[in-house]
Every structure is written in structure tokens, then in C-alpha cells.
There are 2 protein chains.
Amino acid sequence: MLNFDLHNPTRIVFGAKTVSRLDELVPAGARVLILYGGESARRNGTLAEVRAGLGQREVHEFGGIEPNPSYETLMEAVALIQRKGLNFLLAVGGGSVIDGTKFVAAAVDYPGDPWEIMESHGATVHRALPFGTVLTLPATGSEMNKGSVVSKKATKAKLVFASEHVFPRFSILDPTKTYSLPLPQVANGVVDAFTHVMEQYLTYPVDGRVQDRFAEGLLQTLVEIGAEVMAKPDNYDARANLMWTATLALNGLIVAGVPEDWSTHMIGHELTALHGIDHARTLAAVLPANLQVRREAKRAKLLQYAERIWNITEGSEDERIGIAITSTRVFFESLGVPTRLREYGLNAGHIDEVIAQLEAHGMTALGEHEDVTLAVSRQILEAAL
Amino acid sequence: MLNFDLHNPTRIVFGAKTVSRLDELVPAGARVLILYGGESARRNGTLAEVRAGLGQREVHEFGGIEPNPSYETLMEAVALIQRKGLNFLLAVGGGSVIDGTKFVAAAVDYPGDPWEIMESHGATVHRALPFGTVLTLPATGSEMNKGSVVSKKATKAKLVFASEHVFPRFSILDPTKTYSLPLPQVANGVVDAFTHVMEQYLTYPVDGRVQDRFAEGLLQTLVEIGAEVMAKPDNYDARANLMWTATLALNGLIVAGVPEDWSTHMIGHELTALHGIDHARTLAAVLPANLQVRREAKRAKLLQYAERIWNITEGSEDERIGIAITSTRVFFESLGVPTRLREYGLNAGHIDEVIAQLEAHGMTALGEHEDVTLAVSRQILEAAL
């Protein structure tokens, strides 16, 4: 097992009808900015419920945060906060709104060009406004971690930052808030959570037995409930299990003491930034190809994955690994998520530009062994076509 | 899945050679009291290492905290802190020292008779001194939770309190610090952690799939490493897995969203308070008997336990449940821990007094259905003889 630090002060408030607890969770007298994405939050009544929960506090709203939150939009929220002197943020939405809120929280009092926050990957963040979240889309885990992904439209850059200062103070997870989600977004959430676990699990063994079993428990649960969450949007327990699984998939727990990969995410980010493909869909295309290309380095964990997640115990090692990778692909496709880049309109001619962007962003030695060079990323993209 | 709140701000610093990080973790200028148990902490060099880690800070020591920390002893530490004006506590030891330190932290500024802290089960605690821990015995999980058990010698009472104010600020978990433990203590730790998981897992199904799988992952790991930690005291990975498993067994995670039992613990506490039997050994005797007596109410989870932990899939339901309970008993005994009260010198004549103490402490409706009356506790004790 590797040495680790683990610290996660976010308070999770989980269950039906928990939005009303905002009054107890947000400081009395806070001057609040609600940040949200599209108008569905207003249409389905969540915004009104949130405002009711906030009682007599001064409340402002900032909508329009994009599915891949942009620096340009977020800086408008920063200006509003500065103009109105607000001191508490409340993200209402999914990972994009929460990621955007983290950037805004860190940018408000940032003593310099706030884009430095992204370029330093958070190292230059020394304070942030306090904020909470009301999660409506289970997927990214942002509701219980210190990470954030923000894009700059001007340069098509999509970068990650992390800081201890941007843990949410609290996150309200009410599974009934997910009933009205479009099914493709639910499918994306399953794929996103699944891939988060894989980035932290499918590396090489370090005798982290609990970490492996926790990761496997999350994967098994996603495989089990994938069809259920798609078939019955108002199945409370299925949605509750998805919501809690997605949070645990990326809250720092399963990675504590084990290696991590993240090359699938880094390659996927460039595909989203260049071509606007949904984040989860880039992962669905890149992950199986990535496992295929790097199957030798990942052999031991691939065999464990084959046995413990897909119950594959017959055949040669290579056959078992092959079936496990195919099973992953079939699982994603069963949710209606294509796993080939050609199904997203990309072909071999698009690869050079992706590689150039990876190079521009310093993504030249990715993965748990830092051996995913640009040449390996190219192989992965070719295998994903 | 049940609604839940989850909040755990303790920072875990895990791995070999991490005691030296005290200098970064304890506030500069803190006036520190180190609390510890027996002299083994001094003999094996841990106290010296801790003092070195604390650098130039003012440091005092308080030793002699008992295996079941007593109110009487702990109040001496409270007096020392008040006399010297100390403002940071550092527990160096296992669960008893950490539990005791939690009580001391809450008692120092308590405006009334500090025993009220125990009688109110923590409800009257509104502040506590900050403290950290250096864990030397993996077992209780106290290093990452808000609970504490303290005994009063005068009345042979052993009570539990919990408060958000007594989460450790940090806990240092260095598996090498466990190498010198006497093997019976290591065995006790395995049994204690195993039983903690069972109290939160072996109740009734609420479709908490991740909670079940996490609990099962901890149980499977303990079954797997039990023999290893006993056979090779300096097997780093085995000790690391035990240490991390024991922490996760009782840090609020696996219980979030599911029912909990704790009747085995409550009955066990009385056995320790009356007869001085090691905490874990009372659990080893009570748990199998408890499962046996309440097998109907726990049927569904017992069958799941039989299949997922012990791979028992053949035979009638009752046969499978019987074998699972026997397997639990055999596992504890394989660690050298007897599972019959008669092996601890008790017989049917001792039961009345235990029942009287349970009644005196209000333990008349225990368990996940609050249906473990004094009559059921009596049945359990009889089955445990």
C-alpha cells in the first residue's frame, strides 16, 4: 500500500426532501449567490425550493453556466459577486455548475489574473468563498471533492485545478431531484462514475485490498443498476444508489494508498474541448481503447477486473482480458453510449489536432507510470476510432 | 436506502515514517499534553519520536490511561491541563487512549459535572480542546470518529458518548508502530473491527448496495489477513491493510444510509465493566450467540453474509445460516480468541448481574428493531455460555 493523506470535510446530507435543510446549513445572514446551468432548474421547481430553503437571506441568481463551464461565463459571476458584495455561493446543478462554482469561489478574491488558478492547477489558491451545493445530476463527484475542470473558449483549453480551499461546506443529495433528468444525461453519469473508478483502480497491484474491494463494489453496483436507472426514472433506490456511488467514485477515498491513471480523462478533455463531445462520451470511447493498448502494463489488474466485475474465470489470460474489455464496451453501449470515435463523427484525420493540444497542455507523460507519451496517446486514439 | 448525514473532518496521514509530520500538523506555539497508556510507548521509542516531531513546543506527558479508560484517571489529566494552561492534546496509543483523550478534551472547559458528558451521551458537549492522535493499535476506529467509551470505576458503569466536537484534527497511522504489539492485542483488533462492521451490516436489507459491498470488502479483508497479521508481525502490507480496515470499519462511512444494531457491543460493555474481560473478547463471545438468537429477524442479511463472506451457497437456508455463524466462531478462534463465556470463567450464575446492569443503564430495547429486550439479552447470554 502506498502512503497517503486523506481529508474530506464536506458534509453530505442525503435523501428525499432534504433541500429544506438549507436554512440550517447556510450561515444566518449570508448574502447568497445561487449558481445554476440551464432553465430546467427553474422549470422543475428546484430553484423555488432552494429559495424557500434560504428563507429571509439576501439571494441573487446567476444562470447559464455551460455543460463545460467556461472561464468567460464564470468571470461574469465573479463580477456580480464583487459588485453586490456577496459572501456565500450555492451551486444548484451537476458537476459543471459545481466545478464552475469552485472556480468562482477561488477567483473572487484572487490577487492576479484568475486564469492562473487553472494554469497552476490550484497551487496559487490560498482562499476561497465558502459554498454549498444542491446536486441534481449524479456523475462527476464534484459535490464531495476539491477538484474542478474549467474551459477557456478563447483558446479551447480545458484544464483541471484542485485546492483544499474548494471543498463544498455541504452538499445536499436528493435522489428525487434526478427523476426529471434526460436519460442520455443519466447514462453519461453512469459512464462518468464508472470511468472515475477505473482511473483509480485499473493500474497495478500494491496490496491495497480494501481500496480494490471498495472500487470493485462501486463498479459492481454501477453494472447492476445501469439498466434500472435507465428503465425507471422514479425508482428511488436505484437513483439513490447511483447518486451515492457517483459521489464515492471520486471523493478521495478509493484512491487513498493506490496509484492512479487519469490518462483517459486527459485525452477525453481534449476531445471535448475541440469537438464539444459530452465528457462522459469521450471517456466511453477512450477507456476501452486505452485498456486495449496498455494491456501488458495493466495485466494483473485487468485479470482481477475480469474475475471480480465480470465473473470471467475461464480461458487464457489474454482471452479473459479481451472479454473484460469487450464487456466494458458492451456495458456502455447498453446505456445508449457509443464507444467508437467514428460514431461521434471523428476519423483518423482528427487525431493530429488532439495530439497537438495534448502537447500544448503538457500532457506528454500521462498514466500511473507516466509512460503514456504522445505516441501512446496516438495509439489509443487510433484504437478508439 | 435510508436518509443520512455524513461528515468527517479528520485528516488521516497514513504510512511508514509519518510521525515526523507532527511538526506540520500541530499548530506552532501549541502547548501540548501527550496522553498515553502503559510504558510500552516509551520503551519502544514512540514517545521519543513524538517529542522529536513536536520540536520546540512546550510538551507535557500524562501516562497510565487504562485499557478501559476510567473517569477517575481522566479527571487527573483534566486537572493537569487546567493547572498548566495547555491547549492541544495528542493521544499516543490505541482506542482506549484516544477515547480517553476525547473525554478529556470535552471535560476541560465543561461547565458542570463532567460525568454529565457520559450520561447525556455527548448531547451536552458544545466545545472541546483540539487534539490529534498517533495510533499504535488498530482496532476501535476511534482515530477517525466522534465516539468514545469511558468507564467509572466507582459504579462499574461503561458508557458511550459522541460529539461533532471530538473528531481528531488528524490521526497518524504508521503500520510499523504495530509491529511490537503483543499478538493477543492484534487478534483483539481483528475481532473488534470485524464486529464493528457486523453491527452496521448484519441487520436487514434497505437496498444500500454500496454500503453492503463496502462492509463486505472490510469483512473479506479481515478474514483474508487475519492469519497473516498473526503469523508475521513485520509484514508491512498485512499490518497496513489491518490498520486501514479497522479505521474504515467505524468512521461513519459504511453505516451512512443503513440500519445499525450495536446490541453485541452494549451487552459486551457490561461484561467488561463487571468482569474485566477484554472488550474484543466479549464481542467474540456475544456476536455468534446474538446472530443465533436473532436469526429470524436477520435472515436475509445472514444469507447474504453466508454467500458473500464465506462462499456458502449449498444447503437449505437454515443450514447456510448455521454454517455462516459457525464460520464466524471458527475465525475468531483461529486467532486465539475464545468464543464461549465459560472460557472466560463465567457461568449461568453470572447472567442475572449482567441483566441488572443493562437495566440500570437503560439498555432495555437494543438493536436495529429496538426489540432486544432484557429477556432477549438473557437468551443471548445463555447462548454465549
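All figures in this text were calculated on a predicted structure; none of them were measured in a lab.

**Some details on the overall build of chain A**
From N to C terminus, chain A includes 15 helices and 8 strands. In terms of C-alpha radius of gyration, chain A reaches 20 Å, essentially the compact-globule figure of 21 Å for 385 residues. Here the C-alpha coordinates of chain A stretch approximately 65 × 45 × 45 Å along the principal axes. Across the 385 residues that make up chain A, the buried fraction comes to 62%. Taking as baseline every contact in chain A between residues at least 6 positions apart, the subset at least 24 positions apart corresponds to 78%. Per element, the accessible surface of chain A, about 13500 Å² overall, is 51% carbon and sulfur.

**Regarding the environment of Q379 of chain B**
Within the fold, Q379 of chain B resides in helix α15 (residues 374-383). Look at Q379 of chain B and you get partly exposed, because its relative accessible area is 43%.

**Comments concerning the sheet that holds strand β8 (residues 170-173) of chain B**
Sheet architecture is open: 12 strands sit in the order β3(A)-β2(A)-β4(A)-β5(A)-β8(A)-β1(A)-β1(B)-β8(B)-β5(B)-β4(B)-β2(B)-β3(B), paired in mixed fashion. One side of each edge strand has no neighbouring strand; the edge strands of this open sheet are β3 (58-62) of chain A together with β3 (58-62) of chain B. In this sheet, neighbouring strand axes are inclined to one another by 25° on average, regardless of whether the strands run parallel or antiparallel. In this structure, strand β5 (residues 131-135) of chain A lies alongside strand β8 (residues 170-173) of chain A, joined through 4 bridges in parallel fashion. Within the sheet, the bridge partner assigned to T133 of chain A lies in β8 of chain A and is S171 of chain A. Together, β2 (31-36), β3, β4 (88-93) and β5 of chain A form the strand contacts of helix α3 (residues 46-53) of chain A, whose direction differs from that of β2 of chain A by roughly 165°. Along the sheet face, helix α5 (residues 95-107) of chain A touches β2, β4 and β5 of chain A and points at about 165° away from the line of β4 of chain A.

**As for the UniProt feature "domain: Alcohol dehydrogenase iron-type/glycerol dehydrogenase GldA" (unreviewed entry) in chain A**
The residues that UniProt annotates with the feature "domain: Alcohol dehydrogenase iron-type/glycerol dehydrogenase GldA" (unreviewed entry) are residues 9-175 of chain A. End-to-end, the C-alpha atoms of residues 9-175 of chain A are 22 Å apart, and along that stretch the chain is 29% helix and 26% strand.

**Quick look at the domain arrangement of chain A**
All names here are of chain A. Domain boundaries in chain A define domain 1 (11-177) and domain 2 (182-383). Each of domain 1 and domain 2 was reduced to a C-alpha centroid, and the two centroids are 26 Å apart. The interface is formed by 25 residues belonging to domain 1 together with 23 residues belonging to domain 2. Between domain 1 and domain 2, roughly 2000 Å² of surface is buried when both sides are summed, and carbon and sulfur atoms account for 67% of that area. Of all residues in domain 1, P138, K156 and K158 give up the largest surface area on contact with domain 2, accounting jointly for 28% of the area buried on that side. At the boundary of domain 1 with domain 2, the tally comes to 0 salt bridges. Inspection of the region where domain 1 meets domain 2 yields 4 residue pairs in polar contact (both at pLDDT 80 or more). Within the residue set of the side of domain 1 that touches domain 2, elements represented by two or more residues are β1 (4-14) and β7 (157-162). Among the elements that make up the side of domain 1 that touches domain 2, the one with the highest residue count is β7 (4 residues). Along the lines of polarity and charge, the residues of the side of domain 1 that touches domain 2 split into 14 nonpolar, 7 polar and 4 charged.

**Topic: the relation of the copies chain A and chain B**
Structural alignment of chain A on chain B gives an RMSD of 0.0 Å, achieved by rotating through 180° and translating 0.0 Å along the axis. On the angle and the small slide along the axis, the relation comes out as a two-fold axis. If distances are taken from each C-alpha of chain A to the rotation axis, the shortest is found for P9 of chain A, at 2.1 Å. Taken together, the interface assignments show that 100% of the residues at the interface of chain A recur at the interface of chain B, consistent with an identical surface on both copies.

**Examining the packing of helix α7 (residues 183-201) of chain A against helix α9 (residues 236-248) of chain A**
Residue and element names in this part refer to chain A. At a closest axis distance of 10 Å, the pairing of α7 and α9 adopts a crossing angle of 45°. Looking at the two axes, α7 sits oblique to α9. In the crossing of α7 with α9, the sense of the turn from one axis to the other is left-handed. Residues L183, V186, V190 and A193 of α7 touch α9, and the partners they reach there are R239, L242 and A246. Its residues assigned to classes, the contact of α7 with α9 shows 6 nonpolar, no polar and 1 charged.

**Considering helix α3 (residues 46-53) of chain B**
All names here are of chain B. Those residues of α3 that fall on the buried side of the exposure criterion are T46, L47, V50 and G53. Across the axial projection of α3, the buried residues extend over an arc of 120°, all falling on one side. Residues of α3 that are exposed and point more than 90 degrees away from the buried face comprise A48 and A52. Close packing links the buried residues of α3 with α1 (22-25), β2 (31-36), α2 (40-43), β3, β4 (88-93) and β5 (131-135). At the C-terminal side of α3, G55 shows a positive phi close to 60°.

**A short note on the interface of chain A and chain B**
On the chain B side, the residues contacting the 43 residues of chain A number 43 residues. Of the roughly 3700 Å² buried between chain A and chain B on both sides combined, carbon and sulfur atoms contribute 50%. A per-residue breakdown of the area chain A buries against chain B is headed by M1, R209 and R213 of chain A, which together make up 17% of the total. Counting across the interface, chain A meets chain B through 10 salt bridges. Where R209 of chain B meets E228 of chain A, a salt bridge forms, and the shortest distance between an N and an O atom there is 3.4 Å. Summed over the shared surface of chain A and chain B, the number is 30 residue pairs in polar contact (both at pLDDT 80 or more). Those elements that provide at least two residues to the side of chain A that touches chain B are β1, α8 (209-231) and α9 of chain A.

**Description of the pairing of strand β6 (residues 147-152) of chain B**
Among the 6 residues that make up β6 of chain B, 5 are buried, leaving the element largely enclosed by the rest of the structure. Counted between consecutive antiparallel strands, the loop separating β6 of chain B from strand β7 (residues 157-162) of chain B contains 4 residues, among which K156 of chain B sits at a positive phi close to 55°.

**Some points on the UniProt feature "domain: Fe-containing alcohol dehydrogenase-like C-terminal" (unreviewed entry) in chain A**
Under the UniProt annotation, the feature "domain: Fe-containing alcohol dehydrogenase-like C-terminal" (unreviewed entry) is placed at residues 187-366 of chain A. Helix makes up 66% of residues 187-366 of chain A and strand 0%. Its end C-alpha atoms lie 27 Å apart.

**A look at the packing of aromatic side chains**
Residues and elements named next belong to chain A. All chains considered together, the criterion is met by 23 aromatic pairs over all chains. Ring centres 6.1 Å apart and planes at 45° place the aromatic pair F331 and F332 in the tilted group. Here F331 matches F332 in class, with each residue buried. Feature note: the residues F194, Y305, W310, F331 and F332 constitute an aromatic cluster, connected by ring pairs. One Lys or Arg, K152, reaches over the ring of Y71 and ends 4.9 Å from the middle of that ring.

**Notes on the pattern of salt bridges**
As enumerated under the stated definition, the model contains 56 salt bridges over all chains in all. Across the pair R281 of chain A and D278 of chain A runs a salt bridge whose closest N-O atoms are separated by 3.6 Å. In this structure R281 of chain A comes out as buried when scored by relative accessible area, which is 14%. A salt bridge links E296 of chain A to R299 of chain A; the shortest N-O distance between them is 2.9 Å. Here E296 of chain A falls in the exposed class, since its relative accessible area comes to 53%. Through salt bridges that share partners, D207, R209 and R213 of chain A together with E224 and E228 of chain B make up one connected network.

**Some words on helix α15 (residues 374-383) of chain A**
Residue and element names in this part refer to chain A. Among the residues of α15, those classed as buried are L374, V376, S377, I380 and L381. Buried residues of α15 fall within an arc of 155° about the axis and therefore sit on the same side. Where the residues of α15 are buried, they touch α10 (263-275), α11 (279-293) and α14 (351-360).

Reading the values: rules and limits
- Residues numbered from 1 in each chain as written.
- Chains lettered and ligands numbered in written order.
- Predicted model: local features only at pLDDT ≥ 70, side-chain atom pairs only at ≥ 80, totals over all residues.
- Heavy atoms only, no water.
- Helix = DSSP H or I, 4+ residues; strand = E, 2+ residues; numbered from the N terminus.
- Rg over C-alpha atoms; globule rule 2.2 N^0.38 Å.
- Buried < 20%, exposed > 50% of the residue type's maximum accessible area, 1.4 Å probe, protein only.
- Contact = heavy atoms within 4.5 Å.
- Areas by Shrake-Rupley, 256 points an atom, 1.4 Å probe, with all protein chains shown as cover.
- Pairing = 2+ DSSP bridges.
- Axes fitted to C-alpha atoms, helices over the stretch in contact; angles between N-to-C directions.
- UniProt positions renumbered as here; feature names shortened; annotations may be inferred.
- Domains from an automatic or database assignment.
- Buried area = accessible area lost by both parts, 1.4 Å probe.
- Salt bridge = Lys/Arg side-chain N within 4 Å of Asp/Glu carboxyl O.
- Polar contact = N/O pair within 3.5 Å; in protein donor to acceptor, adjacent residues only side chain to side chain.
- Nonpolar A, V, L, I, M, F, W, Y, C, P; charged D, E, K, R; others polar.
- Least-squares fit on C-alpha atoms with pLDDT ≥ 70 in both.
- Parallel < 35°, antiparallel > 145°, perpendicular 65-115°, else oblique.
- Left-handed = near helix turned anticlockwise from the far one by under 90°.
- Arc of directions from axis to C-beta.
- Phe/Tyr/Trp six-rings, centres within 6.5 Å; stacked < 30°, edge-to-face > 60°.
- Lys NZ or Arg CZ within 6 Å of the ring centre and 35° of its normal.

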